[in-house]
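Observations on the model geometry
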Amino acid sequence: MTAAVLAHLVPLVAGASAVDATTFAVAALTVLVGAAGVIFARNPVHAALMLVMTLFGVAVLFVEQQANFLAAVQVIVYAGAIVVLFLFVIMFLGVDKQDDLEHDPLRGQRPLAYVLVGLVLAAMVVLGVTTHWDTGARSVAGVARDSAHPQSDVAVLGKSVFTTYLFPFEITAALLVIAVVGAVVLARRSAAEAQGDDRDDAEMGEDPDGPGTTGSGGPEDGMPAYDGDVQEVTS
Amino acid sequence: MTSPLLATDPLFAHGVHWPELLIVVVKVVVAFGALLVAVMMMIWFERKVISDMQARIGPNRAGPYGLLQSMADGIKLFFKEDLIPDQADRVVFRLAPYLSILPAFLSFAIVPVGGFVTISHHTFELQVADPPIGILFLLAMSSLSVYGVMLAGWSSGSKYPLLGAVRAAAQMISYEAAMGMSVIMVVLLAGTLSTRGIVLHQSQTFFGSWNLVRTGIVPFLIFFVAITAETNRPPFDLVEADSELVGGFNTEYSSLRFALFYLAEFMNTITMSAVVVTLFLGGPDGPTAHVPVLSWLIPVGWFLGKTLIFLFAAVWLRGALPRLRYDQLMDLGWKVLIPVSLGWLLIVASALVWHWWCLVVAAALAVLGGLLWRSVRVGAARMADGDPAGGVVVR
Amino acid sequence: MSVDPKFYLALSFALFSIGAVGLLVRRNVLVMFMCVELMLNAANLAFVTFARKLNDVGGQSMVFFVLVVAAAEVVVGLGIVVAIFRRRRGATADDFHLMKG
């Protein structure tokens, strides 16, 4: 829509249309600002929000690279489920206080971290620039876009996942089941603990303090059904 | 170059020029305006219907039949003092109302309101946007709508809103799964994610080819229950439960910000009713007649009529059902809706592949489900006896 | 014509580095988790970029699997965090040596 307007206005990067260049620039800025926000935000909830911002930027970059399906899944899974889970745990545990970013228990850890990551980044850039990572092999696992037979990315991706990558797909299914069972086992209380209190623990997040305070209520009061654990009724 | 997200719209088949741009802008403005007016009418409608059900009169002062009541309320809220609590997280507190209204409006963009219209050689769909991943866009938006509620509750810095926020997170994640599963069944049948494609796929015969019939009535019921929970409508309004949590997540809000939450809630109700119609009732599908210029209005009329049924149903539920308890809510989501939708998904998929042999699958599922149910019962009985290891008495 | 893949890769490098810094610097377990997500996203971005550059759907399939694994990882990780917080309030990553039996 705005494509036509912008196409005549801001030629930004050589070879790329102005719309694509602008979209990339805005999305990249969103990603970087969001990512910086995650590591510098003192409040975990703000960090989570910044994470959502980053994820959105990445989703936009996916759309920009014709991966519509992955962009949608990125928003649904990451922003819609994973970060909500983060926020839920933050609120439920009452750890939404300001973190102390100045105090450094391990002396020298921060400078060391910056140096290390700087080295890694430098190595990545050097490798990316100097080595010949593009071997010329194309479409090893299947063609993503065939200009002769245009197909939606959903169809192509679906075919790939359910044929070439069928076994990994089944494995991830097993992984998810294991994760769910693991989470239930981690989150459930033992029968002895459960004896003590009533059924009203389904009322979750008994945290008397609001944000900005160190929560002092308790996870001891009851566990949430945050990932759909089924133990509440059987106990 | 058109964005890949818009590639399927016939409007952009010949590239994007000023007329196309104009049409898009007009579509957006009209949709936004119509949605806002619809929200005002919906608030009036809900209050009138509820008061009829409770044998009272309801709003009748502002305008004929109290039609202007919502506008009066809006103006009143607009001029109220805007309060931010002392304990609040100011930035997030201000951000939250917009986070809740944005997905509510955006998800309406993919709903096909009518058929195709041609104005001076420009054929376009009566729908704001028709991305190829249409229905996934809806799921994405509905999964984002939880943020407004959660952050509003948290940032208020007060305990009842916080409880509302935590409830919202758990509730909306739980019902998202069942909702997605019932959408998958529709997508399986239609073979496309585009909402226009889904509607076209249902428009062969009146009623008979609607997904309501084709998928069996079960996915429709699951979807309807799930969206009622997703939009926090009664009887799933635990997020705002006024008798338990004062006012829930928006207790601390006043003035325009409160109005925005109110707006978002009703906008969500309208959008979701429209989505049910799109997915299961064929959208604007229905018998048409040939009227000279206005024949495009008939599908729109069908769409509005079908949507009105669900709007009424939403109000009806509020008038008729008491609010669920929290554990009942979770039980319904995780132990009824998700297993049933998984099983039904299996049946629908096998029906597509093996036709009548799907009955065998259904029978096998029934047996397995019965076994599972029995084992859960046995486990629960053992836990009640204080002997979870079992091996002793089984009732 | 879209932006050259080099820019996407550079962005992916930057995102990965920011995530790595956060993981090393922050002590709040939940924020550290978020930094891991940042790094996974950087990898995803690189995958999608290569999928476009090499016209290979394998890159996109990998992103699909990374998403699933990330979801599983978060579920178990947050489960562990909750379990630890039940024993000790306000735990940071420094307290996790308590897991040594």
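Residues numbered from 1 in each chain as written. Chains lettered and ligands numbered in written order. Predicted model: local features only at pLDDT ≥ 70, side-chain atom pairs only at ≥ 80, totals over all residues. Heavy atoms only, no water.

1. A look at the overall build of chain A
What counts here: Secondary structure follows DSSP: runs of H or I at least 4 residues long count as helices, runs of E at least 2 residues long count as strands, and numbering of each begins at the N terminus. Relative accessibility thresholds used throughout: buried, under 20% of the residue-type maximum; exposed, over 50%; partly exposed, between the two (1.4 Å probe, protein chains only). Reported accessibility uses the Shrake-Rupley method at a 1.4 Å probe radius. Residues are deemed covered only where the shown protein chains occlude them.
Tallying secondary structure elements over chain A gives nine helices and zero strands in all. The helix and strand sequence of chain A, counted from the amino end, reads α-α-α-α-α-α-α-α-α. Within chain A, the fraction of its 235 residues that count as buried is 45%. Carbon and sulfur atoms make up 69% of the accessible area of chain A, which totals about 11,200 Å².

2. Some words on the overall build of chain B
Here is the rule: For the radius of gyration, the atom set is restricted to C-alpha positions; the globular benchmark scales as 2.2 Å times the number of residues to the power 0.38. For this analysis, residues touch if any pair of their heavy atoms sits within 4.5 Å. In this count, Lys and Arg are taken as positive residues and Asp and Glu as negative ones, while His and the chain termini are left out. Charge placement uses NZ in Lys and CZ in Arg. For Asp and Glu, CG and CD serve respectively.
Looking only at helices and strands, chain B has 13 helices and two strands in total. Scaling as 2.2 N^0.38, a compact globule of 395 residues should have a C-alpha radius of gyration of about 21 Å, and chain B matches this with 23 Å. Taken across its 395 residues, chain B has 53% of its residues classed as buried. Of the contacts made within chain B by residues no fewer than 6 positions apart, 73% connect residues no fewer than 24 positions apart. Put simply, chain B shows about 18,000 Å² of open surface, and 72% of that area lies on carbon and sulfur atoms. For chain B, the separation between the mean place of its 24 positive charges and that of its 24 negative charges on side chains is 6 Å.

3. Structural notes on a nonpolar patch on the surface
All names here are of chain B. Rules: Patches in this entry comprise residues that are over 30% relatively accessible and not in a salt bridge; like charges within 9 Å are linked, as are nonpolar side chains (Val, Leu, Ile, Met, Phe, Trp, Tyr) within 5 Å. Here, a salt bridge means any side-chain nitrogen of Lys or Arg that lies within 4 Å of a carboxyl oxygen of Asp or Glu.
Nonpolar side chains collect at one region of the surface, where I184, L188, L352, V353, W354, W357 and V360 lie side by side and expose about 720 Å² of accessible area between them. Of all the elements in the fold, those that place two or more residues in the nonpolar patch are α5 (159–190) and α12 (326–354). The element contributing the most residues to the nonpolar patch is α12, with three residues. You can see L352 is positioned in helix α12.

4. Quick look at the domain arrangement of chain B
All names here are of chain B. Definition in use: Residue ranges for the domains originate in an automatic or database domain assignment. Buried area is a sum: the accessible area each of two parts loses on coming together, probed at 1.4 Å, counted once for each and added.
Annotation of chain B at the domain level lists domain 1 (85–353) and domain 2 (355–388). For domain 1 versus domain 2, the separation of C-alpha centres amounts to 31 Å. If you look at the interface, domain 1 gives seven residues, while domain 2 gives five residues. On the domain 1 side of the contact with domain 2, I347, S350 and A351 bury the most area, a combined 64% of that side's loss.

5. Observations regarding helix α6 (residues 153–162) of chain A
Short version of the rule: Regarding the arc, it is the one traced by the directions from the helix axis to the C-beta atoms.
Looking only at α6 of chain A, the buried set comprises D153, V156, L157, S160 and V161 of chain A. Summarising the axial view, the buried residues of α6 of chain A lie within an arc of 125°, below the 170-degree limit, and thus occupy one face. The inward-facing, buried residues of α6 of chain A abut α4 (68–93) and α7 (166–187) of chain A together with α3 (57–87) of chain C.

6. Description of unusual backbone geometry
All names here are of chain B. With an omega of 5°, the peptide bond running from P234 to P235 counts as cis. For P235, the position within the fold is in the loop between α8 (217–230) and α9 (242–245). Positive phi, normally seen in glycine, also occurs at A55, with a value near 55°. Relative to the helices and strands, A55 is located in the loop between α1 (18–53) and α2 (69–78). The phi angle at Y65 is positive, at roughly 55°, despite the residue not being glycine. Mapped onto the elements of the fold, Y65 is located in the loop between α1 and α2. Its relative accessible area of 64% is what places Y65 among the exposed residues.

7. Considering the environment of E46 of chain B
Residues and elements named next belong to chain B. As for its placement among the helices and strands, E46 is situated in helix α1. With a relative accessible area of 2%, E46 lands in the buried category. For E46 and A314, which are 268 residues apart along the polypeptide, the C-alpha to C-alpha distance reads 8.8 Å. Leave out the neighbours within four places in its chain, and E46 touches R233, F266, V315 and R318.

8. Structural notes on the packing of aromatic side chains
Our working rule: Two rings from Phe, Tyr or Trp (for Trp, the six-membered ring) form a pair when their centres are within 6.5 Å of each other. A pair whose planes differ by under 30 degrees is stacked, one over 60 is edge-to-face, and the rest are tilted.
Considering all chains together, one arrives at 22 aromatic pairs over all chains under this definition. Arranged with centres 5.9 Å apart and planes meeting at 40°, the rings of F312 of chain B and W316 of chain B form a pair that is tilted. You can see F312 of chain B and its partner W316 of chain B sitting in helix α11 (residues 297–320), four residues apart, about one turn around the helix. Residue class for F312 of chain B comes out partly exposed when judged on its relative accessible area of 33%. Counting every residue linked through ring pairs, the aromatic cluster contains F162, Y165 and F169 of chain A together with F64 and F65 of chain C.

9. Details of the packing of helix α2 (residues 18–40) of chain A against helix α2 (residues 29–53) of chain C
Pairs of packed helices are described in terms of their axes, by the angle between the two and the distance that separates them. Applicable threshold: Axis definition: a line fit to C-alpha positions, over the contact stretch in the case of helices; interaxial angles, taken between N-to-C directions, run 0 to 180 degrees. Every angle not falling under 35 degrees, over 145, or within 65 to 115 is termed oblique; those three ranges are roughly parallel, roughly antiparallel and roughly perpendicular. The sense of a crossing depends on the near helix, which, turned anticlockwise from the far helix by less than a right angle, makes the crossing left-handed and, turned clockwise, makes it right-handed. We call Asp, Glu, Lys and Arg charged. Ala, Val, Leu, Ile, Met, Phe, Trp, Tyr, Cys and Pro are nonpolar, and the rest, Gly among them, are polar.
Relative to each other, α2 of chain A and α2 of chain C sit at 155°, their axes nearing to 9 Å. By the angle class used here, α2 of chain A and α2 of chain C are roughly antiparallel. The way α2 of chain A lies across α2 of chain C gives a crossing that is left-handed. Within the contact between the two elements, α2 of chain A uses A35, V38 and I39 of chain A and α2 of chain C uses V31, M34, C35 and L38 of chain C. Taken together, the residues that form the contact of α2 of chain A with α2 of chain C break down as seven nonpolar, no polar and no charged.

10. Let's talk about the packing of α1 of chain B against α11 of chain B
Residues and elements named next belong to chain B. The contact between α1 and α11 brings their axes to 10 Å, and the two run at 45°. With respect to α11, the axis of α1 lies oblique. The two elements α1 and α11 cross, and the hand of that crossing is right-handed. Taking contact as the criterion, the partners of M42, F45, E46, V49, I50 and M53 in α1 are, on α11, L311, F312, V315, W316, R318 and G319. The class makeup of the residues in the contact of α1 with α11 is nine nonpolar, one polar and two charged.

11. Focus: the pattern of salt bridges
If you walk through the whole model with that rule in mind, you get eight salt bridges over all chains. For R323 of chain B, the salt bridge goes to D237 of chain B, with nearest N and O atoms at 2.9 Å. With R323 of chain B in the loop between α11 and α12 and D237 of chain B in the loop between α8 and α9, this residue pair connects regions lying 86 residues apart in the sequence. The partner of D4 of chain C in a salt bridge is K6 of chain C, and the shortest N-O contact between them spans 4.0 Å. For K6 of chain C, a relative accessible area of 58% gives the class exposed.

12. Overview of the interface of chain C and chain A
The condition is simple: Polar contacts, as used here, are pairs of N or O atoms within 3.5 Å; protein pairs need one atom able to donate a hydrogen and one able to accept it. Residues neighboring in sequence count only if both atoms are side-chain atoms.
Each partner contributes to the interface: chain C provides 69 residues, whereas chain A provides 94 residues. Of the roughly 7,300 Å² buried at the junction of chain C and chain A (both faces included), carbon and sulfur atoms supply 73%. Here chain C is connected to chain A by zero salt bridges. Linking chain C with chain A are seven residue pairs in polar contact (both at pLDDT 80 or more). Residue assignment for the side of chain C that touches chain A shows that the elements contributing at least two residues are α1 (5–25), α2 and α3 of chain C. Here the element with the most residues in the side of chain C that touches chain A is α3 of chain C; it accounts for 25 residues.

13. Some details on the pairing of strand β1 (residues 116–119) of chain B
Our working rule: By the convention used here, strands pair only if DSSP detects at least 2 bridges between them.
One ladder, built from four bridges, connects β1 of chain B with strand β2 (residues 122–125) of chain B; its direction is antiparallel. Considered in β2 of chain B, the bridge of I119 of chain B is made with H122 of chain B.

14. So, the nonpolar core
Selection rule: The definition of a nonpolar core used throughout is a set of buried Ala, Val, Leu, Ile, Met, Phe, Trp, Tyr and Cys residues joined through side-chain atoms within 4.5 Å.
F62 and L70 of chain A together with Y147, F223, L279 and F280 of chain B are the most contacted members of the largest nonpolar core, which totals 179 residues. The leading source of residues in this core is α4 of chain A, at 21 residues. With near-sequence residues (within four places) excluded, L70 of chain A lies in contact with F62 and L157 of chain A together with V48, Q60, V63 and F64 of chain C.

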